[in-house]
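# Chains, contacts and geometry: an overview
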Amino acid sequence: MSGSTPQTRRVILASLIGTSLEWYDFFLYTTAATLVFGKLFFPTFDPLNATLLALTTNAVAFVARPLGGIVFGHFGDRTGRKTVLVVTLLVMGVATFLIGVLPGYDSIGVAAPILLATLRFVQGLGLGGEWGGAVIMSLEHGDDRRRGFNASWPQVGVPAGYVLATALLTVMSFTLSDAAFLSWGWRVPFLLSGVLVLVGLWVRVKVSESPLFAEVERTGAKARMPLIEVLRTHPRALLSAFTARIGVDVAFYTFTAYILVYLTGSLGMERSVGLNAVLIGSALQLVLIPLFGALSDRVGRRPVYLAGVVGAAVWVFAFFPLLDTKSFPLIALAAMVALVTHAAMYGPQAAFIAELFSTRLRYSGASMGYQVAGIVGGGIAPIIAIKLFDVYGTTLAVSIYVVAALAVTAVGLAIAPETRDLDLTAGGGQVPQRA
């Protein structure tokens, strides 16, 4: 982050810490859903259907995320970015802590999975408002020539949250017996979220409001009903943001969530194999995402993004054969390369989507485009992958599904302008700033 002002660095750090905690909470649930929740909350079903039901509760959050984007996006465009980001962090942290103390089916019966799904819904609301605010705060502070780099740091929260969540679950899994891990060990990382949220709040309350939003507020240009205005004035931008995200989500959750189901269920391997493979790939992303964000400042958002799309579409056909070897080095290689291609898409994605919308509508527009895509992308990707393999008996069907989703993303990139050169002070998404 050299070359940034102290205030810009403070904003980026606050956004990174906050999104890391939010994604830690989110991935903690996703990983636990594939490994634990089927047994604890759906014990009356066979293992396959129990896992599917657990993943269905996971998908509830993806339905909630657009609602969170609408609600928090409205207030982010009306009252400011900073306050909303504090609220979203609290919402997510409290829901995650409560999951950690939730009794299982054996204790309270059908109320257990209902409460689990409800808390997952609340998590989705928090994350739905979090992403847009964190990205926009980073984007709207600092040098226009470094927007891709600055906005990519909240994206680093995804692998950072995954590394933290997976590492803690792995430690608990290794140090405890299966019975102890299933009984109480999985709860510890959820309870720890309460402490981590306090750290995130302390950092966030110290940052200043976005200067671009402050100017909108000073001139009285705030939108009265931001979402309605987005739908009326930015339909193409909304469509582009939506389609450009779908394939990224499908690929990511195939590479990080379905891999756990496939390795443990279809190949009969220990859960630690998949967790460690994805952990290595996610650690690599901590460096690669900001590098690809910086590269998009030099060559443009779309070329870098499209390179990742093509790479993921090609690699998915090598991904499953490498898993089938049951060799950990090759499984780790499969996950690492897969997540390199994801980093190439995810690095420029934040700036690309946010830059499509004018400042007065940016929180609502970016949040809606990003979060709605999560429903048909990541929310159901593991479920579709499980069903495709169950019906066709081959991972080729899963690979074709991933490629089809990536093709939709390619279309989304094709219908959008190159956003690197847009002048955000002139409204965003409209005026070229530099050749």
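Small disclaimer: the values here were computed from a predicted structure and weren't measured.

### Section: the layout of surface pockets
Computed from the structure, the largest pocket encloses a volume of approximately 560 Å³. As for the largest pocket, its lining consists of 25 residues, of which Thr34, Pro47, Thr51, Thr264 and Gly265 are closest to the centre. For the lining of the largest pocket, the secondary-structure elements that each account for two or more residues are helix H1 (6-41), helix H2 (47-78), helix H11 (235-266) and helix H16 (381-392). For the lining of the largest pocket, the leading source of residues is H1, giving 6 residues. In terms of residue class, the lining of the largest pocket is built from 14 nonpolar, 6 polar and 5 charged.

### Here we look at the confidence of the model for the chain
Per-residue pLDDT for the chain has a mean of 86; in total, 97% of the residues score no lower than 70. Below a pLDDT of 50 lies the segment residues 428-435, which in the model reaches 28 contacts outside its immediate sequence neighbourhood of four places, other chains included.

### A word on H11
Along H11, the helix axis deviates most sharply at Tyr258, where the bend reaches about 45°. For H11, a buried count of 25 out of 32 residues is recorded, marking the element as mostly surrounded by other parts of the structure. Of the residues one or two after H11, Gly268 is the one with positive phi, at around 65°.

### Concerning unusual backbone geometry
Most peptide bonds are trans, and most residues other than glycine sit at a negative phi. The phi angle at Lys326 is positive, at roughly 60°, despite the residue not being glycine. Along the chain, the position of Lys326 falls in the loop between helix H13 (301-324) and helix H14 (328-354). Since its relative accessible area comes to 46%, Lys326 is described here as partly exposed.

Rules of the game
- Residues numbered from 1 in each chain as written.
- Predicted model: local features only at pLDDT ≥ 70, side-chain atom pairs only at ≥ 80, totals over all residues.
- Heavy atoms only, no water.
- 1 Å grid on protein atoms, 1.4 Å probe; cavity = no way out; pocket = protein on both sides within 12 Å on 5 of 7 lines; lining within 4 Å.
- Points joined across faces, edges and corners; volume = space filled by probe spheres on them.
- Helix = DSSP H or I, 4+ residues; strand = E, 2+ residues; numbered from the N terminus.
- Nonpolar A, V, L, I, M, F, W, Y, C, P; charged D, E, K, R; others polar.
- pLDDT = per-residue confidence, 0-100.
- Contact = heavy atoms within 4.5 Å.
- Bend = angle between axes of the 7 residues up to and from the residue.
- Buried < 20%, exposed > 50% of the residue type's maximum accessible area, 1.4 Å probe, protein only.

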